[in-house]
Amino acid sequence: MEKAAVNEDGLVIPLIDFSKFLEGDETLKLETAKAILHGFQTAGFIYLKNIPIQPDFREHVFNTSAKFFKLPKEKKLEVGWTTPEANRGYSAPGREKVTQLTDPAEIEKIRSAAPDIKESFEIGREDEPGHPNPWPVEEDDIVGFKSTMTNFFDQCKALHIEVMRAIAVGMGIDANYFDSFLDVGDNTLRLLHYPAVKSEVFKINPGQVRAGEHTDYGSITLLFQDSRGGLQVKSPNGQFIDATPIENTVVVNAGDLLARWSNDTIKSTVHRVVEPPKTEDVHPPRYSIAYFCNPNNKSFIEAIPGTYSAESDKKYEGINSGQYLVQRLAATY
């Protein structure tokens, strides 16, 4: 395996060549799958390189995302986010507050004191009844926006399935165990823009972050970063450690639902986005793209075979995936 992407304060995040799982012989496939599973079990995070989504297309997606966020505010608000059930559309800076808190009053309190410095645009699958994607009018710089994003959505969906197959192989269960839980594609593609911000903002308000500390809700998240940095992952010792961008990789982290599904044999690790590590008076914009992967909304999630010996070993009752995710999402808006 490769040298670790992160190795500090007890946090070891591996860098793994995913082509060895997709294209290797059975021995190499199993070795890679076990490395992926181990990364999720110990750190909750991994970096993958040599994924099927090509670098030039990823660059095109980032450029297209940046053009959307350069639109006038009123144009972006025309495709505004509406409800947790739909979870589609544009959210202006300060609207969302990601946090580990669950009490609405407490969330509003910290949102008012230190709102997250970011704006986002959420995209779901195209064929979900009652929840169409609110696409912006395609003119000037954003012609082709819809086709670019639906193409990227589908490629990320395929990558989600392959990563879950690797987890299954690592666990010693059928490689296709998760396929029927994932085939609908009830996932969310989130374009993120962290605007340019003066460094003094972080000094004046020590609690200010670009995105507060949180865990993700679903199965896994595919995070595509630019080179600016700012992502930090909480170590076993409670310190936040920089997850430095590595060119042509995707950061993958396990979410709360996968931790629950795995009977807590897989970790969902707290992370945040803070002031970039580089010292400068004004931090330039940061762009990232997160693809939040989930089981199908109608899936019933209970402990994966092999993660318990007896029924009494199951830590959680079974739960409907869609209901669980809507409840979690509703608390952040």
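This write-up is about the structure you can find in this document. (Residues numbered from 1 in each chain as written. Predicted model: local features only at pLDDT ≥ 70, side-chain atom pairs only at ≥ 80, totals over all residues. Heavy atoms only, no water.)

1. Some points on the environment of Q232
Then, in step 1: With respect to the helices, strands and loops of the structure, Q232 is situated in strand β11 (residues 231–234).
Then, in step 2: A residue is classified by how much of its surface remains accessible, and Q232, at 10% relative accessible area, is buried.
Then, in step 3: Apart from the residues within four sequence positions on either side, Q232 is in contact with F240, I241, D242, A243, H271, R272 and V274.
Then, in step 4: In this structure the side chain of Q232 is engaged in a polar contact, spanning 2.9 Å, whose partner is the side chain of R272. (Helix = DSSP H or I, 4+ residues; strand = E, 2+ residues; numbered from the N terminus. Buried < 20%, exposed > 50% of the residue type's maximum accessible area, 1.4 Å probe, protein only. Contact = heavy atoms within 4.5 Å. Polar contact = N/O pair within 3.5 Å; in protein donor to acceptor, adjacent residues only side chain to side chain.)

2. A short note on the packing of aromatic side chains
Then, in step 1: For the structure on display, the rule yields 14 aromatic pairs.
Then, in step 2: Measuring from centroid to centroid gives 6.2 Å for F68 and Y90, while their planes differ by 65°, and the two rings are edge-to-face. Of this pair, F68 sits in helix α3 (residues 55–69) while Y90 sits in strand β5 (residues 89–91), and the two are 22 residues apart along the sequence. In this structure, F68 and Y90 share a single accessibility class: buried.
Then, in step 3: The rings of F68, F69, Y90, F121, W135 and F145 are connected pair by pair, giving a single aromatic cluster.
Then, in step 4: The ring of F21 is capped by K29, whose NZ or CZ atom sits 4.5 Å from the centre of that ring. (Phe/Tyr/Trp six-rings, centres within 6.5 Å; stacked < 30°, edge-to-face > 60°. Lys NZ or Arg CZ within 6 Å of the ring centre and 35° of its normal.)

3. A few points about the pairing of strand β4 (residues 45–49)
Then, in step 1: Burial of β4 is extensive: four of the five residues sit out of reach of the surface.
Then, in step 2: Bridge count between strand β3 (residues 15–17) and β4: three bridges; the pairing is parallel. Within the sheet, the bridge partner assigned to I16 lies in β4 and is L48.
Then, in step 3: Examined bridge by bridge, β4 and strand β13 (residues 249–254) share five bridges and lie antiparallel to one another. Looking at β13, one finds that Y47 is bridged to V251. (Pairing = 2+ DSSP bridges.)

4. Points about the nonpolar core
Then, in step 1: Membership of the largest hydrophobic core comes to 66 residues, with the highest contact counts inside it found for F40, L48, I167, L222 and F224.
Then, in step 2: Top element by residues in this core is helix α6 (residues 145–171). It accounts for 13 residues.
Then, in step 3: Excluding its chain neighbours within four sequence positions, the residues that come into contact with F224 are I51, I53, R58, F62, F152, C156, V250, S288 and I289.
Then, in step 4: Listed in part, the 18 residues of the second largest apolar core include V6, Y47, L223 and I241. (Core = buried A, V, L, I, M, F, W, Y, C linked by side-chain atoms within 4.5 Å.)

5. Notes on unusual backbone geometry
Both trends apply: most residues other than glycine have a negative phi, and most peptide bonds are in trans.
Then, in step 1: Phi at D140 takes a positive value of approximately 55°, unusual for a residue other than glycine.
Then, in step 2: Mapped onto the elements of the fold, D140 is located in the loop between β6 (119–123) and α6.
Then, in step 3: Despite not being glycine, N263 has its phi angle at roughly 60°, a positive value.
Then, in step 4: Structurally, the position occupied by N263 is in the loop between α9 (256–261) and β14 (271–273).

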